[in-house]
Amino acid sequence: MNEQRRPHILVTGAAGALAQQVIDRLRDTCALVAVDFREQIYLGDDIPSYCIDFNKRSFEDLFRRYKFDGVIHLGRIMSSQLTRMRRYNANVLGTQKLLDLSYKYNIRRIVVLSTFHVYGAVAYNPALIDEEAPLKSAGLSADLIDSVELENLANIYLWRYPDLNISILRPCNIVGPGVRNSISTLLGMERAPVLAGFSPIMQFIHIDDMADAIVLAYNKPRRGVFNVAPEDWVAYQHALKLCGCKPIPIPSIPPILPKIILSTLKLRSFPSYLMAFFKYPVVIDGRAFAREFGFTPKRPLKEIFRFYRENKKPV
Amino acid sequence: MGLASFLKSRLIPAELDSHVNRIRKPIGTLGYDPWGYNNEVMKYGLALTRQLYNRYFRVEATGVEKIPAEGPVLIVANHSGQLPMDGLLIGYALATREKHPRIPRAMIERFFPTVPYLGNLLNECGAVLGDPTNCAKMLANGEAVIVFPEGIRGSGKLYQDRYQLKRFGNGFMHLAMKYNAPIVPVGVVGCEETIPAIANIRPLAKLLGIPYAPVAMPVVLPAKVHLNFGDPMIFDDREIPEEQVTERVEQVKAAISELIDTGLSERKRLF
């Protein structure tokens, strides 16, 4: 190994827009290897890219071959994707395999992408939720259990193996060009469902800012759990309005009614298990991350919403 | 001119609009804060409350200038009258005072966020779910917070128990001590007579999932309201046993009781 050796980093979830933004920011200074369970994507000749299931034995070969220094684990299957069982296998068991291999091959820095969904949307949530707050989402729906389990697992490794230097990031709604999650899909639609009489306060972070946050986090080996959110807030229905989206109210009381309607409609962008997030606010406090890593988001909400207003057709 | 600006021009007087803008609440780029407060909705709320405050309840507020001009402060009052009218009127008195107006936050029952439309509207007008974490974070942000330590024990009490203070929780005192927030006691007189209740149908309240189901006339009576603000009370943040915290709470309770007595003696008539 020569002195000029660039840090070798494994980036998971490479087919996602966020991972590609992170890769763009690191490709000049680091030797990257990209993996994704969904598809193999071409990221240029300098970045080996694989379509691989973390639970397969061949995954370990990557660790043997590339001698990674760090891992950026963005390959989390969102709650709106695949079946509950496949999500559990990929998100929980797959992450466990990844962390086991990281320990075995002496990885020195791991950044894990989680989500603010783990806090759960309940009527009694205070605003500006700290990282120490209990994770209540598993009690809301079985479809969110894998998100909480992934966190718990990463937390166990964080404290049991301090040398792994694990940072878990819990961002608010990630939105912007190329993002395919539920909220981004909703903002991009001409008409979007809302629960009548409810317009919870939400936080949005631009994909470019989130990529900056991940890179900042990777470069400062400070382990812990951190919320990532700008200090700006907007009500859901106001956000839709600014995105040029007409709201379609769904009857909200009694609570069983919207649940039945959404379960029947099976809307991918507005699934019944995320219903509570469109009813009650989950406002997280991102100040600890901003302070620790010197993070300042650069893209204001107005710019984010302008993008959706001007790009009503999927991009 | 769009419908929104037309309504605004008709409903919100220009001086009220500039008055609220002058307060400079810490809000984000789209006018919201983390608890859902919205400057524009607040203006409508104040315009509506102005009618209630000046014409319907003909409120007489004494000593509102005693609330500090800035920094964390807990405004602690007696709770009465089935609906949170008292919080609304105290908030209006502080928001519209001539010198150093402030937009206070009122802690509301846990039941409200589950009510469609109303929950959001209350949040937009500055009301916040009554959770200790919320109160702590707001004091840390230097906000003025209205607290009713009697909770639903106070607001849901019957007419026969009027002006008898119920048990005070100790939570507000712990927060005041931790955040060095002065406590301004307030005696509210008149709200007890707005919706006099003769009974509470507990099984119905349980069935509907609401805090209480009063037997009362379905109208809010135009009782004259007196708000008496007391001198700020300052408590140090020494580590003390709960017994002594309760003693401090009793001091606040006694101050409020005295202010209620003053209001009752000043009152010439009920309506």
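Residues numbered from 1 in each chain as written. Chains lettered and ligands numbered in written order. Predicted model: local features only at pLDDT ≥ 70, side-chain atom pairs only at ≥ 80, totals over all residues.

Peer 1: Break down the overall build of chain B for me, with residues and values.
Peer 2: Helix and strand counts for chain B come out as 10 helices and nine strands. Expected size for 271 residues packed as a compact globule is a radius of gyration near 18 Å; at 18 Å, chain B falls within 12% of this value. In terms of overall dimensions, chain B has C-alpha extents of about 60 × 45 × 40 Å along its principal axes. Evaluated residue by residue, chain B yields a buried proportion of 43% over its 271 residues. Long-range pairs, those at least 24 residues apart, make up 76% of the contacts in chain B between residues at least 6 apart in sequence. (Helix = DSSP H or I, 4+ residues; strand = E, 2+ residues; numbered from the N terminus. Rg over C-alpha atoms; globule rule 2.2 N^0.38 Å. Buried ≥ 20, exposed ≤ 12 C-beta atoms within 10 Å, placed from the backbone. Contact = placed C-beta atoms within 7 Å.)

Peer 1: With reference to specific residues and values, describe the interface of chain B and chain A.
Peer 2: Each side of the interface is counted separately: chain B has 19 residues, and chain A has 24 residues. Residue contributions to the side of chain B that touches chain A peak at three residues, all from helix α6 (residues 132-140) of chain B. Class assignment of the residues belonging to the side of chain B that touches chain A gives a composition of eight nonpolar, seven polar and four charged. (Nonpolar A, V, L, I, M, F, W, Y, C, P; charged D, E, K, R; others polar.)

Peer 1: With reference to specific residues and values, describe the nonpolar core.
Peer 2: Judged by nonpolar contacts, the single largest core of 160 residues is most densely connected at A:Val11, B:Ile75, B:Leu89 and B:Val186. In terms of residue count, helix α4 (residues 85-95) of chain B provides more of this core than any other element does, eight residues in total. (Core = buried A, V, L, I, M, F, W, Y, C linked by C-beta atoms within 7 Å.)

Peer 1: Can you lay out the sheet that holds strand β5 (residues 144-147) of chain B for me, pointing to particular residues and giving the numbers?
Peer 2: Residues and elements named next belong to chain B. One open sheet holds the seven strands; their spatial order is β1-β9-β6-β2-β5-β3-β4, and the pairing between them is mixed. Among the strands making up the open sheet, the edge pair consists of β1 (60-62) and β4 (127-129). With direction set aside, neighbouring strand axes in the sheet form an average angle of 25°. Across four bridges, strand β2 (residues 73-77) lies against β5 in parallel orientation. Of the residues in β5, the one forming a bridge with Val73 is Ala144. (Pairing = 2+ DSSP bridges. Axes fitted to C-alpha atoms, helices over the stretch in contact; angles between N-to-C directions.)

Peer 1: So, the sheet that holds strand β2 (residues 31-36) of chain A: which residues are in play, and what are the values?
Peer 2: All names here are of chain A. The sheet built from seven strands is open, its strands ordered β3-β2-β1-β4-β5-β6-β11 with parallel pairing. The open sheet has two edge strands, β3 (49-51) and β11 (224-228), and neither has a second partner. The sheet shows a mean angle of 15° between the axes of neighbouring strands, taken without regard to direction. Alignment of strand β4 (residues 70-73) against strand β5 (residues 109-113), held across four bridges, turns out to be parallel. Across the sheet, Gly70 pairs through a bridge with Arg109, a residue of β5. Strand contacts of helix α4 (residues 145-160): β5 and β6 (166-171), with the helix running at about 150° to β6, the strand carrying the most contacts.

Peer 1: Please provide a residue-by-residue account of the UniProt feature "domain: Phospholipid/glycerol acyltransferase" (unreviewed entry) in chain B, values included.
Peer 2: The positions that UniProt labels "domain: Phospholipid/glycerol acyltransferase" (unreviewed entry) are, in the present scheme, residues 73-191 of chain B. With 33% helix and 19% strand, the stretch residues 73-191 of chain B has end C-alpha atoms that lie 23 Å from each other. (UniProt positions renumbered as here; feature names shortened; annotations may be inferred.)

Peer 1: Account for α4(B), with residues named and values stated.
Peer 2: Most of α4(B) is tucked away: 11 of the 11 residues are buried. Among all positions of α4(B), only B:Met85, B:Asp86, B:Gly87, B:Leu88, B:Leu89, B:Ile90, B:Gly91, B:Tyr92, B:Ala93, B:Leu94 and B:Ala95 are buried.

Peer 1: Go over unusual backbone geometry with me, naming the residues and quoting the values.
Peer 2: Of note, the amide linkage connecting A:Ile253 to A:Pro254 takes the cis form, showing an omega dihedral of -5°. In this structure, A:Pro254 sits in the loop between β13 (246-250) and α8 (256-265). We note that B:Tyr117 has phi near 65°; this positive angle belongs to a residue other than glycine. Mapped onto the elements, B:Tyr117 comes out in the loop between β3 (105-108) and α5 (118-124).

Peer 1: An account of the environment of B:Ala4 is needed here, citing residue identities and associated values.
Peer 2: Note on placement: B:Ala4 falls in helix α1 (residues 3-11). Between the C-alpha atom of B:Ala4 and that of B:Phe111, which follows or precedes it by 107 residues, the distance is 30 Å.

Peer 1: Any details on the packing of helix α3 (residues 84-104) of chain A against α4(A)? Residues and values, ideally.
Peer 2: All names here are of chain A. It is the contact of α3 with α4, at a shortest axis distance of 9 Å, that shows an interaxial angle of 10°. By the angle between their directions, the pair α3 and α4 is classed as roughly parallel. Each of Arg87, Tyr88, Asn91, Val92, Thr95, Gln96 and Leu99 in α3 lies in contact with α4, whose residues at this interface are Asp146, Glu149, Leu150, Leu153, Ala154 and Tyr157. Partitioning the contact of α3 with α4 into residue classes produces seven nonpolar, three polar and three charged. (Parallel < 35°, antiparallel > 145°, perpendicular 65-115°, else oblique.)

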